[in-house]
Amino acid sequence: MSDDDFGFAPPPFKPDDALVGLRRSLRDLGLAERGAGFELRGKRVLELAAEDGTIRVRITRRLMLTPEWDTLILKGAADTRKLVDEVKKRLARWERED
């Protein structure tokens, strides 16, 4: 047994359950949910899709009508928390840029 795991394994990642919490967190940040994506001031900024035990996320680099996308794969609860933190940072940056 490895000393790093402290004798227990993390709970299995359930993408469907994680999507519910993630959508709620994104709405709390002021994003409007439209289908599988989220918008800010009528511009698409984020898209979510559950696939093969993970969540695929596309997030825009800048707030624009035809955005450039960054793709992230969420494989666990820690990745989900990191995504919410990243969205907060980008929202703050987009507000400064406007």
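Scroll up to find the structure.
Quick caveat: nothing in here was measured; it's all calculated off a predicted structure.

Visitor: How would you summarise the packing of helix 1 (residues 15-28) against helix 2 (residues 77-97) if you had to cite specific residues and measurements?
Guide: Contact pair helix 1 / helix 2: the axes reach a minimum separation of 11 Å and the direction vectors enclose 15°. What the angle tells us is that helix 1 and helix 2 run roughly parallel. Considering the relative orientation of helix 1 and helix 2, their crossing is right-handed. Here helix 1 contributes Leu22, Ser25 and Leu26 to the contact with helix 2, which in turn contributes Thr80, Leu83, Val84 and Val87.

Visitor: Outline the sheet that holds strand 1 (residues 32-34), supporting the account with residue identities and numerical values.
Guide: Strand order in the open sheet made by the five strands is 1-2-3-4-5, with antiparallel pairing throughout. Of all strands in the sheet, those bounded by a partner on one side alone are strand 1 and strand 5 (69-74). On average, each strand axis in the sheet is tilted by 25° relative to the strand beside it, whichever way the strands run. Pairing between strand 2 (residues 37-40) and strand 3 (residues 43-51): four bridges, direction antiparallel. Note on strand 3: the bridge partner recorded for Leu40 is Lys43. On the sheet, helix 1 packs against strand 1, strand 2, strand 3, strand 4 (54-60) and strand 5 and is oriented at approximately 165° with respect to strand 3.

So, how was this worked out
Residues numbered from 1 in each chain as written. Predicted model: local features only at pLDDT ≥ 70, side-chain atom pairs only at ≥ 80, totals over all residues. Heavy atoms only, no water. Axes fitted to C-alpha atoms, helices over the stretch in contact; angles between N-to-C directions. Helix = DSSP H or I, 4+ residues; strand = E, 2+ residues; numbered from the N terminus. Parallel < 35°, antiparallel > 145°, perpendicular 65-115°, else oblique. Left-handed = near helix turned anticlockwise from the far one by under 90°. Contact = heavy atoms within 4.5 Å. Pairing = 2+ DSSP bridges.

Note that every value here comes from positions in space, so none of it alone points to a role or purpose.
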